[in-house]
Amino acid sequence: MTGFFKADKLDSGEPIGRIVDVDNRAVHVVESGCGSPTIWLENGWLGTTLGWGGFEEALAAHTRVCAYDRAGIAWSDPANSDRNAQNEADEFAALLDALGETEPFILLAWSGGGPVSRIFAADHPERVAGLILMVAIPPGYDLWATQS
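Treat the numbers as computed from the prediction; the structure is a model and nothing was measured.

**Q** Describe the pairing of strand 5 (residues 105-111), with residues and values.
**A** With four bridges joining them, strand 3 (residues 39-42) and strand 5 adopt parallel strand pairing. Residue pairing for strand 5: Leu41 is matched across the bridge by Leu108. For strand 5 and strand 6 (residues 128-136), the ladder comprises seven bridges, and the chain directions are parallel. Paired with Phe105 across the two strands is Val128, which belongs to strand 6. In this fold, the crossover linking strand 5 to strand 6 by way of helix 4 (residues 113-123) has right-handed handedness.

**Q** Tell me about the sheet that holds strand 5, and name the residues and values.
**A** With mixed pairing, the six strands of this open sheet are ordered in space as 1-2-4-3-5-6. Two strands lie at the open edges of the sheet, namely strand 1 (18-21) and strand 6, each paired on one side alone. Across the sheet, the axes of successive neighbouring strands diverge by a mean angle of 25 degrees, strand direction being ignored. Pairing between strand 2 (residues 26-32) and strand 4 (residues 65-68): four bridges, direction antiparallel. Bridge pairing links Glu31 to Cys66 in strand 4. Where helix 4 meets the sheet, it contacts strand 3, strand 5 and strand 6, and its direction lies at approximately 150 degrees from that of strand 5.

**Q** How would you explain the pattern of salt bridges if you had to name every residue and give the values?
**A** For the structure shown, the criterion picks out eight salt bridges. Note that Glu31 is salt-bridged to Arg64, the shortest N-O span being 2.7 Å. Of this pair, Glu31 sits in strand 2 while Arg64 is found in the loop between helix 2 (53-60) and strand 4, placing the two residues 33 residues apart along the sequence. Arg64 gets classed as buried once you look at its relative accessible area, which sits at 17%. Across the salt bridge formed by Glu88 and Arg70, the nearest N and O atoms sit 3.2 Å from each other. On the criterion of sequence distance, the pair formed by Glu88 in helix 3 (residues 85-99) and Arg70 in the loop between strand 4 and helix 3 is long-range, its members being 18 residues apart. Arg70 carries the same exposure label as Glu88, and that label is buried. Because the salt bridges share partners, they merge into one network encompassing Glu42, Arg70, Arg83, Glu88 and Glu91.

**Q** Mind laying out the packing of aromatic side chains, listing which residues take part and the relevant values?
**A** Tallied over the entire structure, the rule returns eight aromatic pairs. Taken together, a centroid distance of 6.0 Å and an interplanar angle of 85 degrees make the contact between Phe92 and Phe105 edge-to-face. Within this pair, whereas Phe92 is found in helix 3, its partner Phe105 is found in strand 5, the two being separated by 13 residues in sequence. Taking relative accessible area as the criterion, Phe92 reaches 1% and is therefore assigned buried. With a relative accessible area of 2%, Phe105 lands in the buried category. Taken together, the aromatic side chains of Trp40, Tyr68, Phe92, Phe105 and Phe120 make up a single cluster linked through ring pairs.

Rules of the game
Residues numbered from 1 in each chain as written. Predicted model: local features only at pLDDT ≥ 70, side-chain atom pairs only at ≥ 80, totals over all residues. Heavy atoms only, no water. Pairing = 2+ DSSP bridges. Helix = DSSP H or I, 4+ residues; strand = E, 2+ residues; numbered from the N terminus. Right-handed = clockwise from strand over helix to strand, strands pointing away. Axes fitted to C-alpha atoms, helices over the stretch in contact; angles between N-to-C directions. Contact = heavy atoms within 4.5 Å. Salt bridge = Lys/Arg side-chain N within 4 Å of Asp/Glu carboxyl O. Buried < 20%, exposed > 50% of the residue type's maximum accessible area, 1.4 Å probe, protein only. Phe/Tyr/Trp six-rings, centres within 6.5 Å; stacked < 30°, edge-to-face > 60°.

Have a look at this one:
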């Protein structure tokens, strides 16, 4: 599959990728392109895989690109944990484990994905070949302060 936008699947309500079982929870993952290193796209807060569109396609012309929807977003099931950057970084690690992803990758995050990515990179430096933050939420900003 090339590109995250597939009109026939969008119109039918089907996921634009695949559903992966992560600890008995469905997580929506989209993959395109091939090559190494893989680039994992970390969505902004409440963002979905659909938001990457042409950007993902441009990257996939050069290497493998993956994105996922966090717990409770789009086609991913909710999680039984509080929504905070640490829990979301831990859930991302569990997704990578479920997929058998072992090669270090580039993590590209925007907006609210910044805190998740920084925590993941600090907790798992052996898994991250590079970290790119695009207009990411700065450290110390509590994006989840109003969430229960």
